Amino acid sequence: MNTLVIVESPAKAKKIQGFLGSDFKVVSCKGHVRDLRENNLNIDITENGFVPHYAIVENRQAVVGELASLAKKADAVLLATDPDREGEAIAWHLIEALNLPPATTKRITFTEITEPAILNAVQNPRAIYQSLVDAQQARRILDRLVGYELSPLLWRQRRLGARAAGRVQSVALRLLVEREMEIRAFKPTSQYRFSANFALDGGHMITTKGRLELNNRDDAVAFLNRCIGAAFTISGIVKSPSKSSPPAPFITSSLQQEASSRLGFSVDRTMSLAQKLYEAGHISYMRSDSVLLSQGAINEAQSIITQLYGERYCHPGNHHTSNGNAQQGHQAIRPTDFARRTVAQDASAQKLYDLIWKRTLASQMPEATYERMTVAISSADLEFSATCRSLRFDGFTRVYETAQDDDSNSEQDPVLPDMQVGQALDVENIIASQAFSRPRGRYTEATLVRELEQRGIGRPSTYASTISVIKKRGYVQKRDADGVKRWCEELVLKGEHITRQTREEMAGKERSKLVPTDLGLVVTDYLMRHFDRVMDYEFTAKIESELDAIANNERNWQQMLAGFYGPFHTLVEETRASPDRIESKRMLGVDPFSGQPVSGRLGRFGPVIMIGEAGAPGADQSARFHSLRPGQYSVPGNYSG
């Protein structure tokens, strides 16, 4: 052994060893080797800054000992941890933990585990980028400070069982809570929307939509009465071209969103599968915020496209991100070998690989073109219209249809017959359908990731852990939301007669949504009352921008922490000195048997219902408590924070 190469995972070590041969020994450090201990803050806050006290991770003692022994026998050490800030920090921690000499210790990075990429990395070693290490240290210390100072304030509320608070997790929870309260406060209104079926010569039928919406039944009936005996003709035909642009190749957040919506994968599962595909050498590094592809990848994609679909489907080029903080030195997530269609892993990994393969190829194909035709049908001031979209060139949709295209399928299905302006139409029927307004839906994992990304909160590599943490703490549940049965009216005009019929719908029914628990509601309310700045969306996004500035060597990390911690710590001390407690008690009604008031509050093991007033005269005899379990009682009304 001449050179020791240290990577993060055992699977990656085995793969890379096969590329490098006997002059190299590739071993795994199995992830982080040093971190802040969990039993205390372990950060000295002084006038000179913030001094972290790192220690060897408890289950890494043997690994560190083995690595130190191997490093002493090697002529040189190459640190080949992941090509991001966290990977850079792990490499730095290895230098510190193993006491590696700077003269013979270098850093190498690669975004795919293929022989050319590994050999190129070995031939181009570099020093540690300290600015990336500082950015990662700042994030770790900042999150520790927030967690260790906020969490004890929640622990004071022992009867609630609140576990902890976090800088990004609590803000993500706020998004879910605000959407939940918006849904609960929503008051639906109804409108009547119109559609009509017209018969053409030759037995053709055309379905149209009215351009009018009315708010009450009487107006809807009056409109239908005006349509009786009306002579409808085609008043206009407009044809216009339209196009759909190919999507950019995947970055971490877009992969999480598409895998959720198309494959039904959780964010955690997507990242776990992507990790395995990367370590097996099938895809490039799965934590990336750049949509760039290397010229070699573009050329390879073009070759496969030409081979499978022909030259007219080739449109090479790079996409550009709107995220100014994207690390453009990275590449998008893509296959390492476009000729490979299958991977020797489980069915879920194959589905994810296929999604990545198709998306990357589609990004190097031309736009799809359509012709949209809109037909206007009218009689005096009564107007209806029909629209269809016909495909002229499928372009990238030959491989991959975007969500926009999926939503437009209903417009492509009907094929309108040949028609002319002035052509008379016979009315088959006209329908006024009652429709109720709906609030915005609850977040799924995919839509929460998109919202966090758009607001600049957190980073794509942290979204999976953020969602996992708030679920684990009991602040959020991923579950189906029950709907409420509702009847909607339809008024149908056929000939000269209007008939009434009803249809049933389930209002508010949703599947696999992130629903905040009562505990999540009251904890968010408490944090918003006392720490509104920490919970502020723009402030949290600004912190990310400052961390990016540290990574770019534009900001001192300890000065950044000092600017945050001073006001934050003062606020924590003020809140700690106040007697304010989280109040979860809610009045629910009156016990019909005793006439006593019925109230509910959160307890450590769930909701607690109390009949009578505890502490009031005679309470020993009249107060009764019930700890509720799911399905045990039916309590009227919403019990929430």
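An account of the accompanying structure is given in this report. Quantities reported herein were computed from a predicted structural model and do not represent experimental measurements. (Residues numbered from 1 in each chain as written. Predicted model: local features only at pLDDT ≥ 70, side-chain atom pairs only at ≥ 80, totals over all residues. Heavy atoms only, no water.)

Compared with an ideal rise of 1.5 Å per residue, which puts 15 residues at 21 Å, helix 17 (residues 537-551) spans 22 Å between its outermost C-alpha atoms and is within 8% of the ideal. Within helix 17, 12 of the 15 residues are buried, leaving the element largely enclosed by the surrounding structure. For helix 17, the full list of buried residues reads Tyr537, Phe539, Thr540, Ala541, Ile543, Glu544, Glu546, Leu547, Asp548, Ala549, Ile550 and Ala551. Its side-chain oxygen 3.2 Å from the backbone nitrogen of glutamate 538, aspartate 536 forms the N-cap of helix 17. (Helix = DSSP H or I, 4+ residues; strand = E, 2+ residues; numbered from the N terminus. Expected span 1.5 Å × (residues − 1). Buried < 20%, exposed > 50% of the residue type's maximum accessible area, 1.4 Å probe, protein only. Polar contact = N/O pair within 3.5 Å; in protein donor to acceptor, adjacent residues only side chain to side chain.)

Here we have 4 strands laid out as an open sheet, ordered 2-1-7-8, and parallel in their pairing. If you trace the sheet from one side to the other, it starts and ends with strand 2 (24-28) and strand 8 (105-107), each paired once. Strand-to-strand twist in this sheet, taken as the mean axis angle between neighbours without regard to direction, amounts to 25 degrees. Contacting strand 1 (3-7), strand 2 and strand 7 (76-79), helix 2 (residues 61-73) crosses the sheet at an angle of about 165 degrees to strand 2. (Pairing = 2+ DSSP bridges. Axes fitted to C-alpha atoms, helices over the stretch in contact; angles between N-to-C directions. Contact = heavy atoms within 4.5 Å.)

This part is about the environment of alanine 507. Inspection of the secondary structure assignment puts alanine 507 in strand 17 (residues 497-507). Between the C-alpha atom of alanine 507 and that of tryptophan 487, which follows or precedes it by 20 residues, the distance is 9.6 Å. With near-sequence residues (within four places) excluded, alanine 507 lies in contact with Gly483, Val484 and Arg486.

With that settled, the discussion passes to the packing of helix 5 (residues 130-155) against helix 17. Packing of helix 5 against helix 17 brings their axes to within 7 Å, and their N-to-C directions diverge by 150 degrees. What the angle tells us is that helix 5 and helix 17 run roughly antiparallel. Within the contact between the two elements, helix 5 uses Ser131, Leu132, Asp134, Ala135, Ala138, Arg139 and Leu142 and helix 17 uses Ile543, Glu544, Leu547, Ile550 and Ala551. (Parallel < 35°, antiparallel > 145°, perpendicular 65-115°, else oblique.)

Further remarks concern the pairing of strand 4 (residues 43-46). Where strand 4 and strand 5 (residues 49-52) come together, 4 bridges link them in antiparallel fashion. Pairing of threonine 46 across the sheet is with glycine 49, part of strand 5. Counting the residues between successive antiparallel strands, the hairpin from strand 4 to strand 5 contains 2 residues.

Here we take up the packing of aromatic side chains. One pass over the full model with this rule turns up 12 aromatic pairs. When the centroid spacing of 5.2 Å and the interplanar angle of 35 degrees are considered together, the rings of tyrosine 313 and phenylalanine 393 count as tilted. Here tyrosine 313, found in the loop between helix 10 (295-309) and helix 11 (347-362), pairs with phenylalanine 393, found in strand 13 (residues 382-393); they are 80 residues apart in sequence, far enough to count as distant. Of the two residues, tyrosine 313 and phenylalanine 393, neither departs from the other in class, the shared state being buried. Here a set of aromatic residues connected by ring pairs shows up, and it is made of Phe531, Phe539, Phe564 and Phe568. (Phe/Tyr/Trp six-rings, centres within 6.5 Å; stacked < 30°, edge-to-face > 60°.)

Keep in mind that these numbers describe shape and distance, not what the molecule does.
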